[in-house]
Every structure is written in C-alpha cells, then in structure tokens.
Amino acid sequence: MSQPQAKFLRDYQKPKFKISHIDLDFTLAQKQTQVVATSKVFRQGHHQEPLVLVGDELTLLSVMINGNKAEYQLLAGELVIDTALDNFELQIITQLDPEANSSLEGLYMSDGAYCTQCEAEGFRRITYFLDRPDVLAIYTVRVEADRQAFPYLLSNGNLIDSGELQGGRHYAKWHDPFPKPAYLFALVAGDFDLLEDKFTTCNQREVKLQVFVDKGNLSKAHHAMASLKKSMTWDESRFNLEYDLDIYMIVAVDFFNMGAMENKGLNVFNTKFVLADKASATDDDYHGIESVVGHEYFHNWTGNRVTCRDWFQLSLKEGLTVFRDQEFSSDLGSRAVNRIHAIKAIKNQQFAEDSGPMAHPIRPESVIEMNNFYTVTVYNKGAEVIRMMHTLLGEAAFQQGMKLYFERHDGQAVTCDDFVAAMQDASEVDLTQFKRWYSQAGTPQVDVKEHYDEQAHVYQLTLSQMTPATPDKAEKQPLHIPFDIELLDVDGDTVFNRVLDFTEETQVFTFDGIKQKPIPSLLQNFSAPVKLNFNYSVEQLVHIMRFATSEVAKWEASVSLFSQSVWQNVERLQNNQSMYIDPRILDAFKGVILAQDLDKALMAEILTLASASSLIEQKDAVDLDSLALAREFVVFEVASDCEDELLARFRELEKVDDAAARALKNICLSLLLKVEQSYAALAKQQFQSAENMTDSLAALSALNSESSLIRDELMSQFERQWIDTPLVMDKWLVLHATLACSKCINQLQSLFEHEAFSFNNPNRVRSLIGAFAAGNTFEFHRKDGVGYQFLADAIIKLNSVNPQVAARIITPLIQFKKFDATRQAMMKQQLQRILAVEELSKDLYEKVTKALA
Ligand code: TRP
Ligand code: ZN
C-alpha cells in the first residue's frame, strides 16, 4: 500500500479551471442520497490539460458535458475529464450514504437530521469538484426530502422557492449571491425547535435570526441568540463591519467534530456551544457560547468575504478571527481574565505543541492531512501574532489596516502576506522582520539580565532571544518581539511603562535617571508568545503581585511564585531533602484571599494554582513522580496556611449570585478540601442546595481527588438526575476521567458500556478519553503504562469510526520527549501498536510517524 504523501506550500499553483456557478440538487434518502451537481466551468489561461476533480467515498453515476455523455477516467480519488472545450456545463451525479458516514465529514446524519461539514476537504465527499478554497462559485441548492421527518430544509443564502411534492415529500431552493469556496457550503434537513428574532443593522437593514435546536430545547437557545445579537452590534461598532445577507441561521447538532462552523449564512454548531440554562450549564459554558457564537459570526468577514488562497493560509482567517473573538469577549467582560485564559492556552498547550513532533509555524509549509492543522498554533498563536501587530500599530492604525485589507481583497482568496501588506501599507510600521513569525516554528526563549549603576542612576536590561530548532527547521532568525515592561520603584510607583522593540539577537535597553534600583515587571500582558527567562527573586515577585499596574502581571507573578516553589521542592526531593515553602509565598497568597480591592474573578484566577500540565511546559525534562509530590505539598501548604481565610471567603460568598463571586467561592472550596477531607461535608451541602450547574459541578470537582463515599454517592445522584441530558452527562464523564486516583482507569473501562457513552459521538469521546489523557496527568502517566495502553486502545478503535477525533486526542501520547526513559519507551511502544493498524487513517499516520521519526 502506498503511504500518504505530504503537500507543500511552495508547490502552490493557481487553479487550471474556474467554476463560476454550481447548482446542487439533493434528493435525500437513507442509504442512497443522490446529488446532481451542475457547474459552469471555464479554462484558466492557455493550456491543454484535463479537468481534474477530487472526490472521496463517492459512487459516481454519471458525467455529462453540455448535455452529452462525457469521457472520463476515474483514478484514486480523482475524476479526470479530458476535453478540448474552454468553457462548458458539467453535470455530475453522485450517490452517497449519509447514514454510514461516521467520520462526520461531508454529508452525515446527526440524531436523525442530515447535516454537512465541508471544511477543510469534506465537499469532495458530496460531489467531484475543485475542492480548494481559491475556487469561488455562486451556489444554488435544491433540497428534497420527506416532509414529516424533515420539515426544515436549509442551505446557504436566501430561500428562493419551496413546495410540496408527491409521496409526502417536499423541497426548498436556496441561493447564495456571494461567491464562496466549497468548504463554506452547508445543508441541513431535519425537525427542530426554532427560536426566531431579528436584528437591524447600522444601515437599517433588517436581518432574520434563527437558532434551530433539537426538539424540547427551545428554552436553552436564548443565550446563543443574545450572543449573536451582541456579536453583530460589536462588529459594527469596533470593526465597522455589517452583516450582508437577509438571514442568519444557526443549527445545533449533537454530532460534531469541532466547536462550530461558519458556513455562509448557515452556521452549524456543536450543541455544547448553543444550549444553556442555569440548571444545566456552568458560567464557563455561558462564556464559551458567547465566544464561539462571536467567533463564527466574525468569520463572515474574516474568512468568508475574504477567504484563504490555500489551506496553508488557514491562520489568515483563524488567527484573525480568534483575535477578534478575544477582543469581543474582553470588551464585553473582564479584559484581564480573558487575557489570562488566552495566555494559559498558549503556555499550556501551544508551547507543548511547539516542543513536540507536530511543531509547525502558524503558516505550515507541509501537510499530510489538513484536519491535523486546526491547531492551537494556527488558531491561538496565530491570534497572538495578530495581537502583536495590534500592539505595534495601535488600535487606530490597526483598524486602518483592516479597512485597507477589505478594500483590496473583498471577494478574494488571499494569503497571510496580503494581510500583513495591508497592515504595513496602512501604517508607518515596517513589518518585514515581523513576518518571520509566520514561517518560524518553535517558542522563542528570551533571556533577560538586569544591571543597575547606583552612581549614574542608570538601569539596563539586556535581552537575548533564541528560538530552538524544530523538526521542520534547525536554523532560526531573530524575531521582532514587542516586549512590554513596567519598572516599579520600592514604593510600588511606576517609573517606566512601555513596549520595547526587541529585534536583535542581543539588545541592551538603557534607562536613565532611575534614582533607585527598580523592580522590573517583564513581558507584561504576555506581549509576545515567548518563554521568559529571568531570575526573579521571591521579593521581586511579591512586589509585582502587590504593585504592578497590570492585573495580568499580578497573576503572572503569582504563577511564578508558585511554580518556583514547586520546582525547588522537586529538587529537594531528588536530593533527599525535606520539602519547604518560603513563608513570604504563603503571605502573598493569603494577601490575595484577604484583598478588598481585587476583582473577584482575578482572585479566583490567582488562586487556581498552576496545573501539573502547565508546570510540565515550563521545563525541558520532568521528573513526574517528584513533580506530583512537590505540587501536592505546595498546594497543601498554601491552602492550610489560609484555612480560616478560605472558609471566611467561602461563607461570605456562599449566596452571592454572580459569576465572579461563584468562581472565587468555588476555588476556596476546592482548596479547603486539600486541607481536610472533613470539608467534604461542605461540598455535599453545596451540592444538595445548589441552584445552578456551576455550584453543583464545583462541589463534585472539589471532591474528585479520591473515590470517597460521599463523592460516589453524589456522583450517582447526579447521574440519576441528568441521565437524559447528554451535555450534562459529558461533565459527569469528565469527572470520572479526571479522578485523581488509581481506580480511575478501571472505572473508565466499564464506562465504555454506559448508556451515556458512545464512540460515535465526539463530545462523549472527548469527555471520557480526551479529558483523561489531557487532564489527568498523573494517572495517564502511570508508571505501569496502563494509561498509555488505555489511550492507544481507544485510538485504535476510533481509527475506523472517526479519524479526525482519534488524531486529536492522541496529542498527549506523542509529546513524550520530556519524560523519563521508561515512560518514553512505553509511550513509543503504544505508538508502534497504532502504526501497525491496518488501514490506518492519514490523520493518525501523520502524527504517529512524526512522533516516531
Ligand atoms: N472553521 C471552524 C472554526 O473555527 C473550524 C471547524 C469546524 C473545522 N468544523 C471543522 C475544522 C471540521 C476542520 C474540520 O471556526
Ligand atoms: Zn474559526
């Protein structure tokens, strides 16, 4: 069997043909759905080459050109049509089996409804086509199905016709006036509850808004609808962007590989990012919905109106749209807390990807399976790169750049270079060196040394940068790094606060007239996605926590304090010394619990002590066994030193109905349980009297460190209460998956048989298996290797069911470089097992071979 081949950015060629219009006619029926695709095809430029269309898992019924039977060749996944014509009408009839499609790409069934997912390369599972984002066509879609089972027939754009047919069938016809790439095509047919509203745009155009949800869930659709309206308002006011069709539809489906999809005028969403009410959704779920609804809506301009030339440019739309959704959440809620969440995603996940076998630049240069590149690097580091441009240009010039970008490229499929060019041309800022961020993988390390001359009152910072080699490239060049700093004096007043332009390998920054040695708060607001190496003293960190102007800097300092202490104790353990914690650290955390002037949500962030996985990302090599003990020790010391204060805060906030107060209260509860298991009674009481999911779930999480009687009893109660609500049962599965106890894996094995679990549903798989591998660090990395085997077994099973999801949850298994030789050997052994599977998907093949290379 031939091995999957990589595609390279450098091989990009313009399409040889263009398709200006396509009419799609779907006759929906189980087992055999028929698709008639009629396209207007035009040869591009002077050449004699045949038309080559791609298709996947299709049954081809007929090919006609201008009404006559056409000659063609059917090769592996390609339909080759040799014709001398320069423009012609091409009609292709294919047959598909949506019911058997468990990959959830192309046309598939979700709980009795037909729906599509075409990004990145799923349209080729519907018909043979030029399935690439630089082929933009105008779509007219006719859908026909049984009326009773499928009363709603939806596609992109505007409804232009509908009616009854014989035999209880009916049809609807949709037309989308905006040319679009195939990946934005969508079709949905099913029976739903419908929430309707309307929005009047800045130019007084009325837009119909519709949210379709499974029957019985109407009352859970209101938050998504409210979020949609906020998104539309925000994009007008901050980016001056108006919606462009007369209707905007969102359909929530339970079977979905990702969060949601921005299909033109017809978004398809994972139910997780639509459905919410107080009883069943947490405060975090509410935030997640707002941000994903925003994200997909913002794609209408950044992604749909201006799209990508090729898939290597994915960050053009994703990095930019994540930046936009982050700004949306920050303008609507707490800027500091949103920033902290974004920083955590980079430090805990993106840094891991950058130091693992799948490291790639935000604009990858080679790809085997495109689905593998919807990554934290392309999305989140991509957003950081946009954010750095925003920092360098400032809001006004950045908006000028956006305006120029749309003036130049509306209706086109373009590149990341085109975006940067617009930003540069609209501002005075030279982005030549900055563009290296697009082509260099790996996390730059910035070393900082300070020097103070007491006589001359001169303070100096010497910055050096180095990007480590990654599998794709060894040599790295210096990057343009916006380096935000604040200098504080001993009284906590600001003596300097600015963004430095750090562009050379080593660069000295000199500050004159500094009367006393300042305390530097470095890389404020995480102004660049780099690793900072600076030997902060405990005293300096405590000072920053108290006096930094930036709330994010306070949080960062608290993370450093905690992490430093954990690593020192790892060292003590390795040297057979007893563990110890500096009392100044305890005081600093107590100060936060007692603080009256800090935002409660920020306090909760500071008290959410760094997770094991985030600690692992700070080092190149990790002794996991010592880390587990050291982290537990420091957490225990911090919590028990503040026991009274934690309890007081808990009591004070117990009945406050506000998300920030709940977050702080619940982190207090979880810390109290680290002190004493007798606080389990408090958790139980909270669980029994909780009036919202945030509080019930927090009580269960706080109890989730061992399989205690109380915990097991409440888990059963929760199960009985929510057995019919899959999204809530996902939370229950996650609790099982993250149980910090050696019984965990055995229990998970038996949960495969539970009615709430199914290998066919990605949400269930992510909750049970994904959450275990990514979130239960010490059980996954058990010394006996059972954790690795558990994950590999599940991945082998998923390979044939849903390759995309299988390749996503394998991540922790390919990131083995930091661990001891024994663990590495066991992890590789499981990867070998996976590699030996017959008919291994491209998705898994790419990741496993890179890991074993
Ligand atoms: N473009 C989608 C988003 O951000 C991502 C997405 C949804 C996706 N479904 C997918 C990507 C399936 C690959 C495969 O916002
Ligand atoms: Zn997106």
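Residues numbered from 1 in each chain as written. Chains lettered and ligands numbered in written order. Predicted model: local features only at pLDDT ≥ 70, side-chain atom pairs only at ≥ 80, totals over all residues. Heavy atoms only, no water.

Now for the overall build of the protein chain. Across its full length, the protein chain holds 27 helices and 31 strands. For 853 residues, the compact-globule estimate of 2.2 N^0.38 gives 29 Å, and the C-alpha radius of gyration of the protein chain, at 28 Å, lies within 12% of that figure. Along the first, second and third principal axes, the C-alpha set of the protein chain runs to 90 × 65 × 60 Å. Put simply, of all contacts in the protein chain between residues at least 6 apart along the chain, 69% involve residues at least 24 apart. In the form shown here, the protein chain has an accessible surface area of approximately 33700 Å², with 47% of it arising from carbon and sulfur atoms. On the protein chain, the mean spot of the 83 positive side-chain charges and the mean spot of the 118 negative ones are 1 Å from each other. (Helix = DSSP H or I, 4+ residues; strand = E, 2+ residues; numbered from the N terminus. Rg over C-alpha atoms; globule rule 2.2 N^0.38 Å. Contact = heavy atoms within 4.5 Å. Areas by Shrake-Rupley, 256 points an atom, 1.4 Å probe, with all protein chains shown as cover. Lys, Arg positive; Asp, Glu negative; His and termini not counted. Charge placed at Lys NZ, Arg CZ, Asp CG, Glu CD.)

Let's shift gears to the packing of helix H3 (residues 314–332) against helix H4 (residues 335–354). For the pair H3 and H4, interaxial distance at closest approach is 7 Å and the crossing angle is 150 degrees. Between H3 and H4, the angle falls in the class roughly antiparallel. From H3, Gln326, Glu327, Ser329, Ser330 and Asp331 reach across to H4, where they touch Arg335, Asn338 and Ala342. The class makeup of the residues in the contact of H3 with H4 is one nonpolar, four polar and three charged. (Axes fitted to C-alpha atoms, helices over the stretch in contact; angles between N-to-C directions. Parallel < 35°, antiparallel > 145°, perpendicular 65-115°, else oblique. Nonpolar A, V, L, I, M, F, W, Y, C, P; charged D, E, K, R; others polar.)

Here the focus is the coordination of the zinc ion (ligand 2). Looking at the zinc ion (ligand 2), the protein donor atoms are His295 (NE2), His299 (NE2), Glu318 (OE) and Glu318 (OE), and they sit 1.9 to 2.7 Å from it. Classification of the site at the zinc ion (ligand 2) rests on its six donor atoms, whose angles at the metal span 22 to 162 degrees, yielding the label irregular. Motif for the zinc ion (ligand 2), donor spacing along one chain: H-x3-H-x18-E. With His299 in the loop between helix H2 (283–298) and strand S22 (307–308) and Glu318 in helix H3, this pair connects stretches of sequence that are 19 residues apart. (Donors = N, O, S within 2.8 Å, 3.2 Å for Na, K, Ca; no water. Tetrahedral: all angles 85-135°; square planar, octahedral: opposite > 155°, others 65-115°.)

The environment of ligand 1 is formed by 16 residues, the closest being Glu119, Ala260, Glu262, Tyr379 and Gln804. Note that an oxygen atom of ligand 1 is positioned 3.2 Å from one of the side-chain N or O atoms of His295. Lys317 places a side-chain nitrogen or oxygen 3.5 Å from a nitrogen atom of ligand 1. Of all the elements in the fold, those that place two or more residues in the shell around ligand 1 are strand S20 (260–261), H2 and H3. Here the residues of the shell around ligand 1 are counted per class, giving six nonpolar, five polar and five charged. (Near = heavy atom within 4 Å. Polar contact = N/O pair within 3.5 Å; in protein donor to acceptor, adjacent residues only side chain to side chain.)

Attention now goes to the side chain of Ser439. Along the polypeptide, Ser439 turns up in helix H7 (residues 436–439). Given the relative accessible area of 18%, Ser439 is considered buried. Sequence-distant contacts of Ser439, defined by excluding residues within four places in its chain, comprise Pro361, Arg363, Glu365 and Lys473. (Buried < 20%, exposed > 50% of the residue type's maximum accessible area, 1.4 Å probe, protein only.)

This part is about the UniProt feature "domain: Aminopeptidase N-like N-terminal" (unreviewed entry) in the protein chain. Per the UniProt entry, the sites bearing "domain: Aminopeptidase N-like N-terminal" (unreviewed entry) are residues 87–184 in this numbering. Regarding residues 87–184, the helix share stands at 0% and the strand share at 54%, and the terminal C-alpha atoms are separated by 25 Å. (UniProt positions renumbered as here; feature names shortened; annotations may be inferred.)

So, on to H2. With 16 residues, H2 extends 23 Å between its outermost C-alpha atoms, agreeing within 8% with the 22 Å of an ideal straight helix rising 1.5 Å per residue. Across the 16 residues that make up H2, a large majority, 14, are buried. (Expected span 1.5 Å × (residues − 1).)

Another aspect to go through is the sheet that holds strand S21 (residues 266–270). Read across the sheet, five strands follow the order S17-S18-S19-S21-S20 without closing on themselves; strand pairing throughout is mixed. At either end of the open sheet lies a strand with only one pairing partner, and these are strand S17 (193–200) and S20. Pairing between S17 and strand S18 (residues 206–213): eight bridges, direction antiparallel. The residue of S18 that forms the bridge with Asp197 is Leu209. (Pairing = 2+ DSSP bridges.)

With respect to topology, three strands assemble into an open sheet ordered S4-S8-S7, the strand pairing being antiparallel. Looking at which strands have only one partner, the edges of the open sheet turn out to be strand S4 (51–54) and strand S7 (73–75). Strand-to-strand twist across the sheet, computed as the mean angle between neighbouring axes with direction ignored, equals 25 degrees. In this structure, S7 lies alongside strand S8 (residues 78–81), joined through three bridges in antiparallel fashion. Paired with Leu75 across the bridge in S8 is Glu78.

Moving on, we get to the nonpolar core. Counting 294 residues, the largest nonpolar core has Phe483 and Ile769 as its most contacted members. Contact partners of Phe483, with chain neighbours within four places excluded, come to Val446, Val448, Leu463, Arg498, Val499, Leu500, Phe502, Leu522, Leu523, Ser527 and Leu532. (Core = buried A, V, L, I, M, F, W, Y, C linked by side-chain atoms within 4.5 Å.)

What follows concerns the packing of aromatic side chains. A complete count under the given rule lists 38 aromatic pairs for this structure. Both rings, one in Trp234 and one in Phe298, keep their centres 5.0 Å apart while their planes meet at 50 degrees; by these two values the pair is tilted. Of this pair, Trp234 sits in helix H1 (residues 222–239) while Phe298 sits in helix H2, placing them 64 residues apart in sequence. Looking at Trp234, the relative accessible area reads 5%, which means it is buried. Phe298 gets classed as buried once you look at its relative accessible area, which sits at 0%. Where Phe772 meets Phe790, the ring centres are 5.2 Å apart and the plane angle is 80 degrees; that geometry is what we call edge-to-face. Remark: Phe790 occurs in helix H23 (residues 786–801) and Phe772 occurs in helix H21 (residues 762–775); sequence separation between them is 18 residues. Across the pair, Phe790 and Phe772 agree in class, each one buried. Clustering of aromatic rings is evident, with ring pairs tying together Trp234, Phe239, Tyr243, Tyr248, Tyr297, Phe298 and Phe328. (Phe/Tyr/Trp six-rings, centres within 6.5 Å; stacked < 30°, edge-to-face > 60°.)

Let us look at the pattern of salt bridges. Tallied over the full model, the rule gives 63 salt bridges. Close ionic contact of Glu119 with Lys317 constitutes a salt bridge, the shortest N to O distance being 2.8 Å. Taken as a pair, Glu119 in the loop between strand S11 (113–117) and strand S12 (137–146) and Lys317 in helix H3 lie far apart in primary sequence, 198 residues in all. Glu119 sits in the buried class, given a relative accessible area of 7%. In this structure, a network of salt bridges that share partners links the residues Arg238, Glu327, Asp331, Arg335, Arg387 and Glu395. (Salt bridge = Lys/Arg side-chain N within 4 Å of Asp/Glu carboxyl O.)

Attention now goes to the environment of Leu768. Relative to the helices and strands, Leu768 resides in helix H21. In this structure Leu768 comes out as buried when scored by relative accessible area, which is 0%. As for Leu768 and Ser758, which are separated by ten residues in sequence, their C-alpha atoms are 9.7 Å apart. If sequence neighbours within four positions are ignored, Leu768 has contacts with Leu733, Ala737, Leu748, Leu751, Phe752 and Phe757.

What follows is about the side chain of Gln117. Positionally, Gln117 belongs in strand S11. Under the relative-accessibility criterion, Gln117 is labelled buried at 9%. One polar contact links the side chain of Gln117 to the main-chain carbonyl oxygen of Glu119, over a distance of 2.9 Å. Contacts of Gln117, omitting those with residues within four sequence positions, involve Leu104, Glu105, Gly106, Tyr108, Gly122, Phe256 and Met261.

The next point concerns the pairing of strand S5 (residues 59–65). Working note: regular strand, side chains alternate between the two faces of the sheet. In this sheet, strand S9 (residues 87–96) lies alongside S5 in antiparallel orientation, the contact comprising six bridges. For Val63, the partnering residue across the bridge sits in S9 and is Ile92. Pairing geometry for S5 and strand S6 (residues 68–69), over two bridges, is antiparallel. Each residue of the ladder has a partner; that of Met64, found in S6, is Lys69. Counting the residues in the hairpin turn of S5 and S6 gives two residues, including Asn66, whose phi is positive at 45 degrees.

Two strands pair when backbone bridges link them, and strand S27 (residues 481–488) and strand S28 (residues 494–502) are joined in this way by eight bridges, in the antiparallel orientation. Within S28, the residue paired with Leu487 across the bridge is Phe496. In sequence, S27 turns back onto S28 through a hairpin of five residues, with Gly492 there showing a positive phi of about 90 degrees.

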